[in-house]
Amino acid sequence: MSRHVWIRAGRVALLAATMTLAIPGAVALFAAGPTLPEDLTQISMEDLLNVRITSVSKVPERLSKAPAAVYVIRQEDIRRSGAGSIPDLLRMVPGLEVARIDANKWAVTARQANSRFANKLLVLMDGRSVYAPLFSGVYWDAQDTVLEDIERIEVIRGPGAALWGANAVSGVINIITKSAHDTKGGLLTAGAGTELKTQDTLRWGGNLGEDADYRVWAKYLDRDASATAAGAEGRDGWQARRGGFRVDWDRSSRDAWTFQGDLYGGGGDTVLIIPTLTPPSAPGVLSTFDMTGTDLQTRWHRKLSDRSDFTLKLYFDRTVRRANITTERRDAYDADLQLRRALNGTHELLAGLEYRMQTDATLDGPAFNLRPRFRDDPLYSAFLQDKVKLDGERLILTLGSRVENNSYSGTQWEPDARLAWSPSASEMFWGSVSRATRTPSRAESDVRWNTGAIRAGALFPGSPPAFLRLTGNPSLGSELLTAYELGYRAFPNERLTLSASVFFDDFHDLIGTRLGAPFREGTHLVVPNLTGNFAAGSTKGVELSSEWTVRQGWRLAGSYTRLELDLPPALGAGTAPSHQFQLRSYLDVSRDVDLDAMAYYVGDLPGLGIPSYVSLDLRLGWRPRSGLELSLIGQNLLDERHPEFAAASLAERLQVERNVQLKATWKF
Amino acid sequence: MCHRTDAAVLALAVRGRALLVLALLALGSNAASPAPPDAEVPLELRLKTAFLYNLAKFVDWPPGAFSPDGSLAIGIYGNRVFARAVHDGLDGKEMRGRRVRVRELERLTPDADGCQLVFFDGSCEEQLPQLLAKLSTRAVLTVGECDTFLDRGGIVNFSIEENRIRFDVDPDAAIPCGLKLSSRLLSLARNLRRPRGAR
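Residues numbered from 1 in each chain as written. Chains lettered and ligands numbered in written order. Predicted model: local features only at pLDDT ≥ 70, side-chain atom pairs only at ≥ 80, totals over all residues. Heavy atoms only, no water.

## Comments concerning the overall build of chain A
The helix and strand inventory of chain A stands at 7 helices and 35 strands. Buried positions account for 58% of the 668 residues belonging to chain A. Entry remark: accessible area of chain A is about 25,500 Å², with carbon and sulfur atoms responsible for 60%. (Helix = DSSP H or I, 4+ residues; strand = E, 2+ residues; numbered from the N terminus. Buried < 20%, exposed > 50% of the residue type's maximum accessible area, 1.4 Å probe, protein only. Areas by Shrake-Rupley, 256 points an atom, 1.4 Å probe, with all protein chains shown as cover.)

## Focus on the overall build of chain B
What chain B contains, in helices and strands, is 7 helices and 9 strands. The proportion of buried residues among the 199 residues of chain B is 58%. Taking the contacts inside chain B whose residues are at least 6 apart along the sequence as the reference set, 60% of them involve residues at least 24 apart. Total accessible area on chain B stands at roughly 7,800 Å², and carbon and sulfur atoms take up 51% of it. (Contact = heavy atoms within 4.5 Å.)

## Observations regarding the nonpolar core
In terms of nonpolar packing, the biggest core is built from 52 residues, with Leu90, Trp140, Ile153 and Ile173 of chain A touching the most fellow members. For tryptophan 140 of chain A, the residues in contact, after removing those within four places along its chain, are Ile86, Pro87, Leu90, Trp106, Val108, Val123 and Ile173 of chain A. Core analysis: the next-biggest nonpolar cluster, separate from the first, contains 48 residues, Leu45, Phe82, Val86 and Ile165 of chain B among them. (Core = buried A, V, L, I, M, F, W, Y, C linked by side-chain atoms within 4.5 Å.)

## Quick look at the sheet that holds strand 7 (residues 156–161) of chain B
All names here are of chain B. The strand order across the open sheet built from 7 strands is 3-4-2-5-6-7-8, with neighbouring strands paired in mixed fashion. The sheet is open, and its two borders are formed by strand 3 (94–95) and strand 8 (164–169), each paired with just one other strand. Relative to strand 4 (residues 98–105), strand 3 runs antiparallel, the two being bridged by 2 bridges. Opposite glutamate 94, over in strand 4, you have arginine 99 as the bridge partner. Packing against the sheet, helix 5 (residues 128–135) makes contact with strand 2 (72–77), strand 5 (117–120) and strand 6 (141–144), and its axis sits at approximately 175 degrees to strand 5. (Pairing = 2+ DSSP bridges. Axes fitted to C-alpha atoms, helices over the stretch in contact; angles between N-to-C directions.)

## Topic: a nonpolar patch on the surface
All names here are of chain A. A grouping of Leu188, Leu202, Trp204, Val216, Phe245, Leu296, Trp666 and Phe668 is seen on the molecular surface, where their side chains present a nonpolar patch of about 710 Å² in accessible area. Structurally, the position occupied by tryptophan 666 is in strand 35 (residues 659–667). With relative accessibility at 36%, the residue tryptophan 666 sits in the partly exposed group. (Patch = residues over 30% accessible without salt bridge, like charges linked within 9 Å, V, L, I, M, F, W, Y side chains within 5 Å. Salt bridge = Lys/Arg side-chain N within 4 Å of Asp/Glu carboxyl O.)

## Examining the pairing of strand 18 (residues 374–391) of chain A
Residues and elements named next belong to chain A. Note: strand 16 (residues 347–363) against strand 18, 15 bridges, orientation antiparallel. Looking across to strand 18, one finds that methionine 357 is bridged to proline 378. Of the pairings in the sheet, the one linking strand 18 to strand 19 (residues 395–406) comprises 12 bridges and is antiparallel in character. Considered in strand 19, the bridge of lysine 389 is made with isoleucine 396. Hairpin connection between strand 18 and strand 19: a loop of 3 residues separates the two successive antiparallel strands, and glycine 392 in this loop has a positive phi of roughly 60 degrees.

## Focus on the sheet that holds strand 6 (residues 150–157) of chain A
All names here are of chain A. Strand order in this open sheet of 5 strands is 1-6-7-4-5, and the pairing throughout is mixed. One side of each edge strand has no neighbouring strand; the edge strands of this open sheet are strand 1 (69–74) and strand 5 (128–129). Bridge count for strand 1 against strand 6 is 6 bridges, and the pairing is antiparallel. Note on strand 6: the bridge partner recorded for valine 70 is isoleucine 156.

## Considering the pattern of salt bridges
Residues and elements named next belong to chain B. The final tally for this structure, using the stated rule, is 69 salt bridges over all chains. The salt bridge partner of aspartate 60 is arginine 96, with a shortest N-O separation of 2.7 Å. In this pair, aspartate 60 is assigned in strand 1 (residues 59–60) and arginine 96 in the loop between strand 3 and strand 4, connecting sequence segments 36 residues apart.

## As for the packing of aromatic side chains
Residue and element names in this part refer to chain A. Using the criterion set out here, one finds 23 aromatic pairs over all chains in the structure. Between the aromatic rings of tryptophan 300 and phenylalanine 310, the centroid separation amounts to 5.0 Å while the plane-to-plane angle is 85 degrees, which identifies the pairing as edge-to-face. On the criterion of sequence distance, the pair formed by tryptophan 300 in strand 13 (residues 284–305) and phenylalanine 310 in strand 14 (residues 308–322) is long-range, its members being 10 residues apart. Classification of phenylalanine 310 by relative accessible area gives buried; the value is 14%. (Phe/Tyr/Trp six-rings, centres within 6.5 Å; stacked < 30°, edge-to-face > 60°.)

## Section: the confidence of the model for chain B
All names here are of chain B. Overall, the predicted model of chain B reaches an average pLDDT of 74, with 70% of residues at or above 70. Ranking the elements of chain B by mean pLDDT puts helix 2 (residues 18–28) last, at 39, and strand 6 first, at 93. Scored below 50 in pLDDT, residues 1–41 makes 104 contacts in the model with residues more than four places away or belonging to other chains. For the stretch residues 194–199, pLDDT sits under 50, and the model shows 22 contacts to residues farther than four places along the chain or on other chains. (pLDDT = per-residue confidence, 0-100.)

## Topic: unusual backbone geometry
A negative phi angle characterises most non-glycine residues, just as the trans form characterises most peptide bonds. Residues and elements named next belong to chain A. Each neighbour pair has its own omega, and for arginine 371 with proline 372 the value is 0 degrees, a cis peptide bond. Examined against the element boundaries, proline 372 turns out to sit in the loop between strand 17 (368–370) and strand 18. Positive phi is not limited to glycine here, since arginine 111 has a value of about 55 degrees. Here arginine 111 is to be found in the loop between strand 3 (105–110) and strand 4 (121–125). Of the residues examined, arginine 111 reaches a relative accessible area of 1% and is grouped as buried. In this structure, aspartate 126 is a non-glycine residue whose phi angle is positive, near 45 degrees.

## Structural notes on helix 3 (residues 43–57) of chain B
End to end, helix 3 of chain B covers 21 Å across 15 residues, agreeing with the expected 21 Å (1.5 Å per residue, within 8%). Burial analysis of helix 3 of chain B places 14 of its 15 residues in the buried class, which makes it a mostly covered element. (Expected span 1.5 Å × (residues − 1).)

Take a look at the structure:
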């Protein structure tokens, strides 16, 4: 009875192209490792006891009950997307705003004004924060790994500060790679395309003794420059080389250790605009950038009993980035302890302590400097969360708060309250009120940056030429958000999942700028653009998504995102699309052939002069023999090129071009 | 009520969203275009299926426990999708000279419909006392996946520990059934007659 209603609702939604969210319906219970035979009855009992099943089945269980707007990209979605980078993968997530600025820059955020340094989205790779404090944002060109070795990407829209800490304001992205237990054997991928010119990966995994497994990998990519509006070749091509390892060791039935590390280096061309006092006042300068990074991490998970466990995580992360504007070296040392304890079946406590020390060193650029040039910034943080079952599994209240102290804005509280009501096992209503903070960036605190030049005589008759100077403010406070969310999630039958969320985000103490009194500096004037917690604003929106298995071998996923920004113009009004639609189709043409498609509509960005666009990606996959897959991938097929975003003052405007690519994946 | 152990969580997961995958897989093995080889294969279920097959290898049933055609009948009580998966994995296989038959049990009659091995999935926990009482003296190997399974008279119980499937055995429960469990089976068990919750 209700099944028909749901299916009809699903069809209507599809026809209207307002498809709704796919909460990851099908749990990605795991594909067998390469060493397992198809027929498991042929292996001995001893060997069966040693077959490891990943805990992945438990995680979506947790997430499906999470009282938050959660979406999970599974490995199967990654494989079938044909995407060549992590931000491109994120395009499939309902409610996210993903735009390519040029070949090496992306703008990614949720529920917020977007920019290259969208500063309210926290991104973690295996628990390591890749949020860069210099400009508060993520250098997406530096974030990559073997896409085939990603287990899943969890995306939580809305604040997650109580659990994840400051800067998890409008969302958290957790990129989680597979355990080394699940990547035994070889993997070789080779790709060649018109825009993603080369992307080659080699990974090998094996045993290190009885209870430990390892993998090592290397990856090379070469991206072609994008195009200007007139079709000329842009100056933004780049290359990157990466490598890494991971060891997972089940030391005993209670202790599991993980050791992992990455190393990367890369760089390419970019265009900087460096204002000058003599015309032309803002010439584009062809420049280069390069980046290197190293990180090492250890995690120790110990089960104390069936009801309690802890995880200790230690990592070191060094990034060095050199561009004309500035050069920055940053080291982060992080220690994080999380304890979980279930009490008497009603309460589940989660507690955490974190200490992070960041040290940076910067060099002055021609128009940019930071004072002090070197900084050490400790962060202390603790949180406690209690999940209370008020009525069995039907009514669950989650209360938590984090308190943290950072060297920019001092001590702050980030409380969070969530209520989940599940009238039946297949549906859940949830609501939350939470507070999150965004720490001022290093630049907002300490920068002197000439962002523009003013002609002589333009300020007043006979005025000398002047620089417009963005001027940091070391006494800034954090930006504050109070967020209100309501959501609904349902699995009306085994073929359909539905999800809906609405939110209202109320911001205070947003960091903005105000012009200060001009002063003389040598022969010219400086008009300071002073930074302060000047602004307030709000955003609201609706996110709908659904996943529907039409028949065996054909799955559809769709979403609609509505977003309204009520922000001052200088704080990103008009930089996020008001409407986004998306429809994805995964079709198994035969046992060995799949045909996958993703169409998406992104509304215009009036604040940047970017028109709306519709884009289509297609992928044809063929497995001629076991272990080998050939894919033909087409991205942005509907037009030669289109603009998706415009960088701020950093670079010239470039457009995203059509990409056609051939990729071979060989598991051995 | 059981504690929410891995097995129970797994059972929930299996019953909930994994239904989709399982249904696809179950259909896939019969339909013209089965799921692609690299698709989401529920390894847990494949493993449990293989465990059921292996367990039966190490058990001697009393003479007369088998039906005249000599087949070994495995009954699955509970989740229909799991029953299909076990059916597809084992039905028709040969084991120690017997043909394996897999049946989905809708209702448990006192003679277990002639099954020699009955698996109860995590969803049948509440009915377990009645179900197991019917079988306690029959020549039926009872296999479950719930913390309280052995306490209630079951013989073998699966659980998941550190991402691996483990099983506990209550050898005493097999005696009134007339079953002989091989010492090899007992040596592979994690615990003898100790339910997981008591660790």
